[in-house]
Protein chains: 2
Amino acid sequence: MISKKMQELVAGSSVIRAMFEEGKLMAKKYGAENVYDFSLGNPNTAPPSSLKQDIYNILENEEQIHGYMNNSGHEKTREVIASSLNKKYALNLNFSNVCMCVGAAGGLNIILKTILNPNDEVIVFAPFFGEYKHYTSNFNGNLVVIPPNPPSFLPDFSAFKNAITKNTKAVIINTPNNPTGIIYDDKTLTALTDILKEKQKELSTEIYLISDEPYREIVYDNINIPCILSFYNNSFIAYSYSKSLSLPGERIGYVITNPNIADLTDVLAGLNVANRVLGFVNAPSLFQKVIEKYVETPAEIDLYKNNRDILYNHLTSLGFSLNKPEGAFYLFPKSLIEDDVKFCNEAKKFNLLLVPGSAFGCKGYFRIAYCVGEDTVKNSLIAFTKLYNYFQK
Amino acid sequence: MISKKMQELVAGSSVIRAMFEEGKLMAKKYGAENVYDFSLGNPNTAPPSSLKQDIYNILENEEQIHGYMNNSGHEKTREVIASSLNKKYALNLNFSNVCMCVGAAGGLNIILKTILNPNDEVIVFAPFFGEYKHYTSNFNGNLVVIPPNPPSFLPDFSAFKNAITKNTKAVIINTPNNPTGIIYDDKTLTALTDILKEKQKELSTEIYLISDEPYREIVYDNINIPCILSFYNNSFIAYSYSKSLSLPGERIGYVITNPNIADLTDVLAGLNVANRVLGFVNAPSLFQKVIEKYVETPAEIDLYKNNRDILYNHLTSLGFSLNKPEGAFYLFPKSLIEDDVKFCNEAKKFNLLLVPGSAFGCKGYFRIAYCVGEDTVKNSLIAFTKLYNYFQK
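Residues numbered from 1 in each chain as written. Chains lettered and ligands numbered in written order. Predicted model: local features only at pLDDT ≥ 70, side-chain atom pairs only at ≥ 80, totals over all residues. Heavy atoms only, no water.

## Quick notes on the relation of the copies chain B and chain A
Stated formally: A residue counts toward the fit only if its pLDDT is at least 70 in both copies, and the copies are then superposed by least squares on the C-alpha atoms of those residues. Contacts: residue pairs with any heavy atoms within 4.5 Å of one another.
If you rotate chain B by 180° and push it 0.0 Å along the axis, it lands on chain A with an RMSD of 0.0 Å. What we have between these two chains is a two-fold relation. Here 100% of the interface residues in chain B have copies in chain A that are interface residues too; the copies meet face to matching face.

## Some thoughts on the sheet that holds strand S4 (residues 142-146) of chain A
Consider a sheet: its strands pair through backbone hydrogen bonds, and that pairing is either parallel or antiparallel. Residue and element names in this part refer to chain A. Where we set the bar: For two strands to pair, DSSP has to find at least two bridges joining them. Secondary structure counts use DSSP, requiring at least four H or I residues in a row for a helix and at least two E residues in a row for a strand, with both numbered from the N terminus. Every axis in this analysis is a line fitted to C-alpha atoms, fitted for helices over the stretch in contact. Angles between the N-to-C directions lie between 0 and 180 degrees.
What the 7 strands build is an open sheet, ordered S2-S8-S7-S6-S5-S3-S4; its pairing is mixed. The two strands at the open ends of the sheet, each matched to only one other strand, are strand S2 (98-101) and S4. When the angles between neighbouring strand axes are averaged without regard to direction, this sheet yields 20°. In terms of strand pairing, S2 meets strand S8 (residues 253-257) through 4 bridges, oriented antiparallel.

## A short note on the side chain of Arg-367 of chain B
Residues and elements named next belong to chain B. As a reminder, the rule being used: Categorising residues by exposure relies on relative accessible area from a 1.4 Å probe, with only protein chains included: less than 20% of the type maximum marks a residue as buried, more than 50% marks it as exposed, and the intermediate range marks it as partly exposed. Neither His nor the chain ends is counted toward charge; the positive residues are Lys and Arg and the negative residues Asp and Glu. When a carboxyl oxygen of Asp or Glu lies within 4 Å of a side-chain nitrogen of Lys or Arg, that pair is called a salt bridge. As used in this structure description, the phrase polar contact means that two N or O atoms lie within 3.5 Å; if the pair is within protein, one of them must be able to donate a hydrogen and the other to accept it, and residues adjacent in sequence are counted only when both atoms belong to side chains.
Relative to the elements of secondary structure, Arg-367 occurs in strand S12 (residues 366-369). In this structure Arg-367 is buried but unpaired, with Asp-37 as the nearest side chain of opposite charge at 8.3 Å. One polar contact links the side chain of Arg-367 to the main-chain carbonyl oxygen of Ser-39, over a distance of 3.1 Å. Within the structure, Arg-367 has its side chain in polar contact with the side chain of Asn-178 (distance 2.9 Å). When neighbours within four sequence positions are excluded, Arg-367 is seen to be in contact with Phe-38, Ser-39, Leu-40, Gly-41, Asn-178, Pro-179, Tyr-330, Leu-331, Phe-332, Leu-354, Val-355 and Phe-360.

## Some remarks on helix H8 (residues 264-277) of chain A
All names here are of chain A. Note the following rule: A helix is expected to span 1.5 Å multiplied by its residue count minus one.
In a regular helix each residue adds 1.5 Å, so 14 residues correspond to 20 Å; H8 covers 20 Å between its end C-alpha atoms and thus fits that length. The element H8 is extensively covered by neighbouring structure, given that 11 of its 14 residues are classed as buried. Among the residues of H8, Val-267, Leu-268, Ala-269, Gly-270, Leu-271, Asn-272, Val-273, Ala-274, Asn-275, Arg-276 and Val-277 are the ones counted as buried.

## Some remarks on the confidence of the model for chain A
Note the threshold: The quantity known as pLDDT measures the predictor's confidence residue by residue, on a range of 0 to 100.
In the predicted model, chain A carries a mean pLDDT of 95, and 99% of its residues have values of at least 70. Taken over the whole predicted complex, pTM reads 0.96, whereas the ipTM for its chain interfaces reads 0.96.

## Let's talk about the domain arrangement of chain A
Residue and element names in this part refer to chain A. This is how it is decided: How far each domain reaches was decided by an automatic or database domain assignment. Put simply, buried area is the surface a 1.4 Å probe can reach on two separate parts but cannot reach once they are joined, added for both. For this classification, Asp, Glu, Lys and Arg are treated as charged, while Ala, Val, Leu, Ile, Met, Phe, Trp, Tyr, Cys and Pro are nonpolar and the rest, including Gly, are polar.
By domain assignment, chain A separates into domain 1 (4-47 + 299-390) and domain 2 (64-291). Placing the centre of domain 1 and that of domain 2 at their C-alpha centroids yields a distance of 26 Å. Taken residue by residue, the interface counts 29 residues in domain 1 and 35 residues in domain 2. Taken together, both faces of the contact between domain 1 and domain 2 bury some 2,500 Å²; the carbon and sulfur share is 58%. Broken down residue by residue, the surface that domain 1 buries against domain 2 is led by Glu-326, Ala-328 and Phe-360, which jointly contribute 23%. The interface formed by domain 1 and domain 2 includes 1 salt bridge. Among the salt bridges present, the one from Asp-221 reaches Arg-308, with a minimum N-O distance of 3.1 Å. Applying the counting rule to domain 1 against domain 2 returns 16 residue pairs in polar contact (both at pLDDT 80 or more). Listing elements by their share of the side of domain 1 that touches domain 2, those giving two or more residues are helix H1 (4-30), helix H10 (302-318) and strand S9 (330-331). The element contributing the most residues to the side of domain 1 that touches domain 2 is H10, with 3 residues. Looking at the side of domain 1 that touches domain 2 residue by residue, the class counts come to 18 nonpolar, 6 polar and 5 charged.

## Some remarks on the sheet that holds S12 of chain B
All names here are of chain B. Strand order across the open sheet formed by 3 strands is S9-S12-S11, with antiparallel pairing between neighbours. Each having just a single partner strand, strand S9 (330-331) and strand S11 (355-356) make up the two edges of the open sheet. The pairing of S9 with S12 spans 2 bridges and is antiparallel. Paired with Tyr-330 across the strands is Ala-369, a residue of S12.

## A few points about helix H5 (residues 131-138) of chain B
Residue and element names in this part refer to chain B. Of all 8 residues that make up H5, 6 are buried, and the element is covered over most of its length. Among the residues making up H5, those that are buried are Glu-131, Tyr-132, His-134, Tyr-135, Thr-136 and Asn-138. Note on H5: the residue one or two positions beyond its end, Asn-140, has a positive phi of about 60°.

## What about the interface of chain B and chain A?
At the junction of the two partners, chain B supplies 68 residues and chain A supplies 68 residues. A combined buried area of about 5,800 Å² lies between chain B and chain A, and 57% of that area is made up of carbon and sulfur atoms. Of all residues in chain B, the largest losses of buried area upon contact with chain A belong to Met-1, His-66 and Tyr-68 of chain B, amounting jointly to 13% of the total for that side. In this assembly, chain B and chain A are joined by 4 salt bridges. For the salt bridge of Glu-131 of chain A with Arg-276 of chain B, the shortest nitrogen-to-oxygen distance reads 2.8 Å.

## Comments concerning the environment of Gln-288 of chain A
All names here are of chain A. Within the secondary structure, Gln-288 sits in helix H9 (residues 285-291). Residue Gln-288 is classed as buried on the basis of its relative accessible area of 0%. Spatially, the C-alpha atom of Gln-288 lies 9.7 Å from that of Tyr-254, the residues being 34 residues apart in sequence. Each residue touching Gln-288, except ones within four places of it in the same chain, is listed here: Met-69, Gly-73, His-74, Thr-77, Met-100, Ile-252, Asn-282 and Ala-283. Reaching out from Gln-288, the side chain makes a polar contact with the backbone oxygen of Ala-283 at a distance of 2.8 Å.

## Some points on the side chain of Asp-309 of chain B
Residues and elements named next belong to chain B. Checked against the element boundaries, Asp-309 lands in helix H11 (residues 302-318). For Asp-309, a relative accessible area of 18% corresponds to the buried category. Polar contacts involving the side chain of Asp-309 include one to the side chain of Arg-308, which spans 3.1 Å.

## A look at the pattern of salt bridges
When the charged atoms of two side chains lie near each other, side chains of opposite charge can form a pair. A full pass over the atoms with the stated rule returns 38 salt bridges over all chains. Of the charged contacts in the structure, one is a salt bridge between Glu-217 of chain B and Lys-88 of chain B, with a shortest N-O distance of 3.5 Å. Separated by 129 residues along the polypeptide, Glu-217 of chain B in the loop between strand S6 (208-212) and strand S7 (235-240) and Lys-88 of chain B in helix H3 (residues 75-89) bring together distant segments of the chain. Judged by relative accessible area, which is 47%, Lys-88 of chain B ranks as partly exposed. Across the pair Arg-308 of chain B and Asp-309 of chain B runs a salt bridge, and its minimum N-O distance is 3.1 Å. Taken together, the shared-partner salt bridges in this structure form one network comprising Asp-221, Lys-305, Arg-308, Asp-309 and Lys-324 of chain A.

Written out as structure tokens, the structure reads:
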């Protein structure tokens, strides 16, 4: 009796849920320290050590901490975020361009609720975060997937150009990328937005570019992340503190609307209303105040960088084919057999929990989420060696 | 360029937003203490004084406070809630029947996402919380409104019976009620669920009864609130701590699924998936742990009861026609002129901010939200007197 859409969703989700449950069972059977769970893209690392004291200070010194506010969030929090981004990227934002939201997942949903008419098309580049399909479907939009472009996994611009139609309402990019770890540099963003500008003119439409950036602070080797707002007027950023502050359970993030977007007033009012009618109402109040203290704090990425280097060096030395990620906390190697689902199932024999590339629209690859403790990474190396050798027979 | 649906929503919301902004302007002009803002259904009273210490204790003593968990919430929190409800209402719930959610607004959205196919009908009784219309529309359902039944505002059972069709998928009730303050007693719930049982049989369908209960703890004069789960198998409860603990900004609540509901496993999986794909992901983590301490704590209703009594006595003595509310924190008097929107506009001349009954599908009435400080209530009495006299000319 549940809805048809939900029946399909439940059936589709059971694979990931089954893996989650299997991981828990394996941990019970073999001991948690002997199971190498690289399946979850949520940090199990600790938040900043100063967090507790910051919460104490807020509870001691501030008023109206848990109360009602504008659906777009506390004006002060929004102002602090706008100022910080202005300084970092030479922008011209004010508080009204910032809408606090329930994580980037909430942010993407309020953006799509605001802009999508039924059957509007949303373009993504494979491999992509599988939830984009569901978020688009929530508002009766259609996801259009540009096939993967290995080995660089940068956008296939020719395929992109051909995919844009009168019905294209939005393009979602995700940089640094889940699952590849690649970053779109100035050149890539220029090429991508040049196509969008040309197509907007040609088709007389507005096409929104949505940059999903939960990994913006998780960047290695001093690589610079350009800001999409400087490249293209019809743009949004969805940001989350889940990854940068290791707060995935607290559901705190924001949406930035480009001040030069078409119909700015309507869009801002739409995000505000979407927050309310979708049932978010507002981003959690206390944590809005908490993150005010962290807008200038760089994420602690030493652990991730170390994990990346250990795993990347070991896997390449074994003979796996993979890129060295520039950001996020994922490796995306080529599977040792064509069937990535079968490959990940076989990996369980060595207590390795990996996610098939198919889950990201990219068969023949697999994802390693290395946002885990260093011990898990070090102890897993021999398991990866066994897995590699197993497939050489 | 925002979606058609959103254009309508933004246009419709501008009235309430305009009132909110006008209230702020009035407060600036006349001084906050001289403006009687009864427009907001969110408590501006303080949360329990023990809350701060509870948060300290959790931060000092618990682990994995801000981390990832099952989309339905922490198992321990869910277990604590199930046990408490079992004790209070002699039920047989376990943790799996409890899904933590982002307030009751989030809860209603995950329920409707789980059950509604496009064009399914959702029945509500006017006057009703206006957001139900938007929540239903989020999933392409159609709201069917049973006309108001004054002066009792109890359901019109004959109209209800006639409104149920093959397409009826759900009925939302809200007891204690916003905006009338009435409570559905045993007799009312028996009559209502008898009709549903009969219609399910007659039409060979499943019809879900959703009880929206953010005011369940806000009850006066020792009136007993019956539990819907004991009356009808296909039932859900959506609960929020926004009102009972004065935490509207923190977005914490839960959905209870009746253990005897049809297709229980699918429904529970659906709620879990809906929490994820709608972008909530999970209820805020820290506050899940906080409310564990409050499942047995009665809400502090003395202030509300006092406000209710002062206002009710004053308004009836003036000649207003209204019921004495049994719960929630609203009065719903008859407007002194037929046009309730005009009436509320005129009330602004006396610095009174009231909401027209039309916003709840019930013309000719107006709502007073008395979840405000006692001073506001006391100082407002002379303004109500002036308002009454103004319309006697």
